[in-house]
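Single-letter residue listing:
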Amino acid sequence: RAFFNLITILKALKSTSQKPLIVHTHSTKAGILGRWAAFFARADSIVHTVHGFAFHEHQNKILWFLIFCCEWLTALITSHFIVVSSSDLKTGNKLLPGFKNNHSIIRASAFTRPNNTFTRPIRIFGEDERPFIIGTTSCFKPQKNLQDLIKIFSAFVKTTTPNARLEILGDGQQREKLENLAKEQGVADLITFAGWQSDIAPWLARWDVFALTSLWEGLPCATVEARLFKLPVIAYNTGGIKDIIFNNQNGFLVAQYDKESFLACLQKCYSDCAYYNQLASHNDDLEAFKIETMVNQHIKLYKKLSP
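Owing to the predicted nature of the structure, the values given are computational and were not obtained by experimental measurement.

A. Broad picture of the sheet that holds strand 2 (residues 45-50). Pairing is parallel in the open sheet, where four strands are placed in the order 1-2-3-4. Of all the strands in the sheet, the pair left with one neighbour each is strand 1 (22-26) and strand 4 (103-105). The sheet shows a mean angle of 20 degrees between the axes of neighbouring strands, taken without regard to direction. Bridging between strand 2 and strand 3 (residues 80-83) involves four bridges; their strand directions are parallel. Directly across from Val47, in strand 3, lies its bridge partner His80.

In structure tokens, the structure reads:
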């Protein structure tokens, strides 16, 4: 139904306007349906933004092949690709027809911004009653792999400091499973499942470390937002995270499922205050993630596609 409704809408737009019709889609399912609808509506240009490819190593081979075939065929009718990370750029260049000569890197904008005078206070952990707070923002889906984070946090509390807290912003299908895991690990009283938050800035400002254990990603804006608030980031080395987080400079990148190394990085942040503050104060170049930059790059591309 969505597919045929899109065709009807796009045909109407095409017939009532003298200007070229550009259709711009995002993500996998909407991207495939939208691009084929644009094709049958005879759109002048079809643009697609990749936020991480939906075929990845954590799928069985049959599902991977089916999704890949859909993306490969749809690439044939795509005028231009936009990617948000170097990881997606590498995959597109290698696997999709027409990608290499028709793509741009345009970063997704991060909207949560501290004021211009925001600086992270110098931390001296263990000298007062203030807890060490680990935070993350995430939907509760298998992709985000929050069970690893809860297990790592449990080990951190038991081996390093009981004066720690984990705050998780978000919600989703795995909430009950994650709450039960927290109880099994004996840390339910130390974890806050805060649900969806319309303003995450107050949370970011009080956290000490941002943690991410995702198994597949494009380039999560959450890491950009964390660095806008000068939070050291500890993350699995997934997707485009390496475009933002540089090991031992503004955080740590850890191999997926390597919970011991992830725990060691948390312990390093907690025990070595000078090193922690060095990570926090790293001078990040986030110009590409400003909304003005993103909008101007899109406008420039649209003008190029409709001379």
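B. Layout of the pairing of strand 5 (residues 132-137). Burial within strand 5 is extensive, with six of its six residues counted as buried. Here strand 5 shows a buried face lined by Phe132, Ile134 and Thr136 and a second buried face lined by Ile133, Gly135 and Thr137. Each parallel crossover has a hand, and the one from strand 5 via helix 5 (residues 146-159) to strand 6 (residues 164-169) is right-handed. Two strands pair when backbone bridges link them, and strand 5 and strand 8 (residues 209-212) are joined in this way by two bridges, in the parallel orientation. What sits directly across from Ile134, in strand 8, is Val209.

C. Representation of unusual backbone geometry. In this model, Asn145 sits at a positive phi of 55 degrees, which is unusual for a non-glycine residue. Mapped onto the elements, Asn145 comes out in the loop between strand 5 and helix 5.

D. Seen up close, helix 5. Given a rise of 1.5 Å per residue, 14 residues ought to cover 20 Å, and the 20 Å separating the end C-alpha atoms of helix 5 matches this to within 8%. For helix 5, the full list of buried residues reads Leu146, Asp148, Leu149, Ile150, Ile152, Phe153, Ser154, Phe156 and Val157.

E. View of the packing of aromatic side chains. Across all of its chains, the model carries 17 aromatic pairs by this definition. Ring plane angle 70 degrees and centroid distance 5.2 Å describe the contact between Phe3 and Phe4, whose orientation is recorded as edge-to-face. Among the aromatic residues, those joined into a cluster by ring pairs are Phe3, Phe4, Trp36, Phe39 and Phe40. Across from the ring centre of Tyr275, 4.8 Å away, lies the NZ or CZ of Lys268, which sits over that ring.

F. Structural context of the environment of Val157. Secondary-structure assignment places Val157 in helix 5. Under the relative-accessibility criterion, Val157 is labelled buried at 13%. Taking the C-alpha atoms as reference, Val157 lies 9.1 Å from Leu190; in sequence the two are 33 residues apart. If we ignore the near neighbours within four places in the chain, the residues touching Val157 are Pro162, Ala164 and Leu190.

G. The pairing of strand 6, seen in detail. For strand 6, the tally of buried residues reaches five of six residues, placing the bulk of the element in the interior. Sheet topology places strand 6 next to strand 7 (residues 191-195); four bridges connect them, and they run parallel. Bridge pairing links Ile168 to Phe193 in strand 7. Handedness of the crossover joining strand 6 and strand 7 through helix 6 (residues 175-184): right-handed.

H. Representation of the layout of surface pockets in the model. If you add up the space inside the largest pocket, you get close to 950 Å³. The wall of the largest pocket is formed by 36 residues, among which Gly52, Phe53, His56, Asp88 and Glu217 lie closest to the centre. Among the elements of the structure, strand 2, helix 3 (61-75) and helix 4 (86-95) are those that each provide at least two residues to the lining of the largest pocket. Sort the elements by how many residues they give to the lining of the largest pocket and helix 4 lands first, with six residues. Taken together, the residues of the lining of the largest pocket sort by class into 14 nonpolar, 15 polar and seven charged.

I. Spotlight on a nonpolar patch on the surface. On the surface, Ile62, Phe65 and Leu66 cluster together into a nonpolar patch covering about 340 Å² of accessible area. Mapping Ile62 onto the fold places it in helix 3.

About the thresholds
- Residues numbered from 1 in each chain as written.
- Predicted model: local features only at pLDDT ≥ 70, side-chain atom pairs only at ≥ 80, totals over all residues.
- Heavy atoms only, no water.
- Pairing = 2+ DSSP bridges.
- Helix = DSSP H or I, 4+ residues; strand = E, 2+ residues; numbered from the N terminus.
- Axes fitted to C-alpha atoms, helices over the stretch in contact; angles between N-to-C directions.
- Buried < 20%, exposed > 50% of the residue type's maximum accessible area, 1.4 Å probe, protein only.
- Right-handed = clockwise from strand over helix to strand, strands pointing away.
- Expected span 1.5 Å × (residues − 1).
- Phe/Tyr/Trp six-rings, centres within 6.5 Å; stacked < 30°, edge-to-face > 60°.
- Lys NZ or Arg CZ within 6 Å of the ring centre and 35° of its normal.
- Contact = heavy atoms within 4.5 Å.
- 1 Å grid on protein atoms, 1.4 Å probe; cavity = no way out; pocket = protein on both sides within 12 Å on 5 of 7 lines; lining within 4 Å.
- Points joined across faces, edges and corners; volume = space filled by probe spheres on them.
- Nonpolar A, V, L, I, M, F, W, Y, C, P; charged D, E, K, R; others polar.
- Patch = residues over 30% accessible without salt bridge, like charges linked within 9 Å, V, L, I, M, F, W, Y side chains within 5 Å.
- Areas by Shrake-Rupley, 256 points an atom, 1.4 Å probe, with all protein chains shown as cover.
- Salt bridge = Lys/Arg side-chain N within 4 Å of Asp/Glu carboxyl O.

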